[in-house]
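Listed below, chain by chain, are the residues.
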Amino acid sequence: MLRVAIDGPGGTGKSTIAKAVAEKLDLEYIDTGAMYRSIALKCLNKGISVDNEAAVIEMLGETDIDFVSSKVLLDGEDVSGMIRTNEVSMAASTVSKLGPVREKVDAVTRRLASTKNVIMDGRDIGTFVITDAEVKIFMTASPEIRAKRRYEQMLEQGKEADYDQIFREIQERDYQDTHRDLHPLMQAPDAVYLDTSNMSIEENIEEVLKIIDMKK
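What comes next is a walk through the structure. Just so you know, these numbers come straight off a predicted model, no measurement behind them. Throughout, a residue's number is its position along its own chain's written sequence, starting from 1. At least 70 in pLDDT is required for a residue's local features to be given in this predicted model, at least 80 for side-chain atom pairs to be given and counted, and no such filter applies to totals for whole chains, interfaces and linings, which use all residues. As a rule here, side-chain values cover all heavy atoms of the structure and leave hydrogens and water aside.

A look at the pairing of strand β4 (residues 71-74)
Here comes step 1: Paired strands, as defined in this entry, are two strands with at least two bridges between them according to DSSP. Helix and strand definitions here come from DSSP, where helices need a minimum of 4 consecutive H or I residues and strands a minimum of 2 consecutive E residues; each element is numbered from the N-terminal end. Bridge count for strand β3 (residues 65-68) against β4 is four bridges, and the pairing is antiparallel. Residue pairing for β4: V68 is matched across the bridge by K71.
Here comes step 2: For β4 and strand β5 (residues 77-78), the ladder comprises two bridges, and the chain directions are antiparallel. Its bridge partner lying in β5, L74 is registered against E77.

In structure tokens:
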């Protein structure tokens, strides 16, 4: 078995790198963050407050999340693009604090990790979800760099973007992720620390491949 766990704050490019590495090594890519984002998106679409635990739990019983050919399916609908907005990101950070939500996501990820060679990225993969993963990486970058990347990405997509707002939202989400009571974002003791602030995507991919090769 080869299970690769990549943790780190939002905006570091974990998903982009994990997908590329998955293709190169023929691994199944599981985006756990996309599961939380999907739940958050459904809450927003249905007008359910992400702070209303009872309502969210009730909704979970009627929610199905799956991955097919790198696409995220929410109740059978491809929501891969819809879950990448700032609004969904903030809602996902809040909803991920709820125990039942994390239990649902963790159950799915553990089931997949027990049957396939996988690469997963998120906030607590190496510290809680797959604590015995063969390879653990803590990927990070400065808040300024992450905000700049997100800003440029939104402009390339033809969306309106405000760097200062994006920067504030990244700082706020970092605080939420590292201070939540349930499985806060932190580096696992046996994870390799990787700062991508001054790396291109290609350099980042190569570095992750080196770490995996070293740890195998």
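Next comes the rest of the write-up.
Some words on the sheet that holds β5
Here comes step 1: What the three strands build is an open sheet, ordered β3-β4-β5; its pairing is antiparallel. Taken across any chain shown, the strands that pair with only one partner, and hence form the sheet edges, are β3 and β5.

Considerations on the pairing of strand β6 (residues 118-122)
Here comes step 1: Each residue is placed in one exposure class: buried if its accessible area under a 1.4 Å probe, protein chains only, is under 20% of its type's maximum, exposed if it is over 50%, and partly exposed if it falls in between. Most of β6 is tucked away, with five of its five residues classed as buried.
Here comes step 2: In terms of strand pairing, strand β1 (residues 3-7) meets β6 through five bridges, oriented parallel. Looking across to β6, one finds that A5 is bridged to M120.
Here comes step 3: As paired elements, strand β2 (residues 28-31) and β6 share four bridges and run parallel to each other. For Y29, the partnering residue across the bridge sits in β6 and is I119.

Things to note about the sheet that holds strand β7 (residues 135-140)
Here comes step 1: With parallel pairing, five strands are arranged side by side in an open sheet as β2-β6-β1-β7-β8. Single-partner strands in this sheet number two, and they are β2 and β8 (192-195). When the angles between neighbouring strand axes are averaged without regard to direction, this sheet yields 20 degrees.
Here comes step 2: Pairing analysis gives four bridges linking β7 to β8, with the strands arranged parallel. The residue of β8 that forms the bridge with T140 is D195.
Here comes step 3: Strands β1, β2, β6 and β7 of the sheet are contacted by helix α1 (residues 14-25), whose axis makes an angle of about 175 degrees with β6. Comment: axis = line fitted to C-alpha atoms, over the contacting stretch for helices; angle = value between 0 and 180 degrees taken between N-to-C directions. Contacts are assigned to residue pairs with any non-hydrogen atoms lying within 4.5 Å of each other.

What about the packing of helix α2 (residues 32-46) against helix α4 (residues 86-95)?
Here comes step 1: Relative orientation of the contacting elements α2 and α4 amounts to 105 degrees, with a least axis distance of 8 Å. Taken together, the axis directions place α2 and α4 in an arrangement best described as roughly perpendicular. Of α4, the residues touching α2 (which contributes Y36, R37, I39, A40, L41 and L44) are E87, V88, S89, A91, A92 and V95. Relative orientations are named as follows: roughly parallel for angles under 35 degrees, roughly antiparallel for angles over 145 degrees, roughly perpendicular for angles from 65 to 115 degrees, and oblique for any other angle.

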